Every structure is written in C-alpha cells, then in structure tokens.
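# Survey of secondary and tertiary structure
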Amino acid sequence: MKKSIIDFLRAAFPFITVIILWRMSVPFWNPAGILAIIPIFYCSFVRPVPWFAPFAALFCFLIDYRFDTLAYWTAAYCLFYAINGFQSFIDLTRTDKNALNIFMVFFGVATLILTLAGFSVLNMMRAIWLFAWVSTLYIPITALIKRVCDDR
C-alpha cells in the first residue's frame, strides 16, 4: 500500500509541479505563472512523461490566458513539439545540464518575439529580467523533478 502511494506521487509530481507553479503567479517573480514553462519543457522534451503533452498544451493555454496573449505560448510549445518530433540530430533526453541550453533557446526566442511585438524599453527590461530569472530557476526545478521522479 505504501509503495503504491509513493509510486502514484512520483508519477503525479510533474503534473502537480506545473499546477503549483502556475498558481503561484506573482507579477514580478512569476508573471502569469510563466515558471510553469520549466516543468512543461522538461517533462515534455527532456524527460518525457506519458500523457504529459496534452496537459502541457492546456497549461500553455492557461499561461496565455493570464498573459493576455492569444495562444502565443501554446503555439510556441506546439511548434517546438513538432520540431522536436521531426528532428533526429539532437537527443534531448541525453543532453547535459538537463538541456538548459536548448531551453534557453526556446524561451529566449519566444520571449524576444513577444517583446518585439510590443517594443518599448520597459518591455525589453522586463524580458531580460524574465529570461534571466527563468533560466536561473531551470536547474533547481528540473533537479527537483529528476530527484523525486527517479525510480531507484
């Protein structure tokens, strides 16, 4: 009984992490719950979790809803999901640092496009801060997910 509860919590941890990070929305530290994009990326591409892709697309849509962007993060996620599915050069499951560089490219390009759409100096400063903050928190959040979900 105890082992089955622990196994359930390990399997549910990526989903719970996304929900918690999305709900902990604070304007400066976690605007619109954008930190949820970290486990969404990690559990979709680096450490694929079964049935996580539809859940991730739903939460990208919820991030869009809070950001008042019309399906922007959802489209960025779906585009990267399609690109990752068609490419065969880079195996994200075997990259070092939990694919931090790939995540920085994904998040940086998406943030840059969003910033250029409504360009102002203030938006550029917010985008730089957001990119630095989310990239810094990527390693601890993915390490926590990896440690909790490790089956050993």
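Every value quoted in this text rests on a predicted model; they were computed, and no experiment measured them.

## Examining the overall build of the protein chain
Scanning the protein chain for helices and strands turns up six helices and zero strands. Moving toward the C terminus, one meets the helices and strands of the protein chain in the order α-α-α-α-α-α. What you see for the protein chain is a C-alpha radius of gyration of 16 Å, in line with the 15 Å of a compact globule of 152 residues. If you line up the protein chain on its principal axes, its C-alpha atoms span 55 × 35 × 25 Å.

## So, the pattern of salt bridges
Inspection of every chain in the model, using the stated rule, returns two salt bridges. Between Asp7 and Lys3 there is a salt bridge, and its shortest N-O distance comes to 3.6 Å. Of this pair, Asp7 and Lys3 both sit in helix α1 (residues 2-23), four residues apart, which is roughly one turn of the helix. Judged by its relative accessible area of 34%, Asp7 is partly exposed. Among the ionic pairs, Arg94 bridges to Asp91, the shortest N-O distance being 3.1 Å. Since its relative accessible area comes to 39%, Asp91 is described here as partly exposed.

The rules behind these values
- Residues numbered from 1 in each chain as written.
- Predicted model: local features only at pLDDT ≥ 70, side-chain atom pairs only at ≥ 80, totals over all residues.
- Heavy atoms only, no water.
- Helix = DSSP H or I, 4+ residues; strand = E, 2+ residues; numbered from the N terminus.
- Rg over C-alpha atoms; globule rule 2.2 N^0.38 Å.
- Salt bridge = Lys/Arg side-chain N within 4 Å of Asp/Glu carboxyl O.
- Buried < 20%, exposed > 50% of the residue type's maximum accessible area, 1.4 Å probe, protein only.

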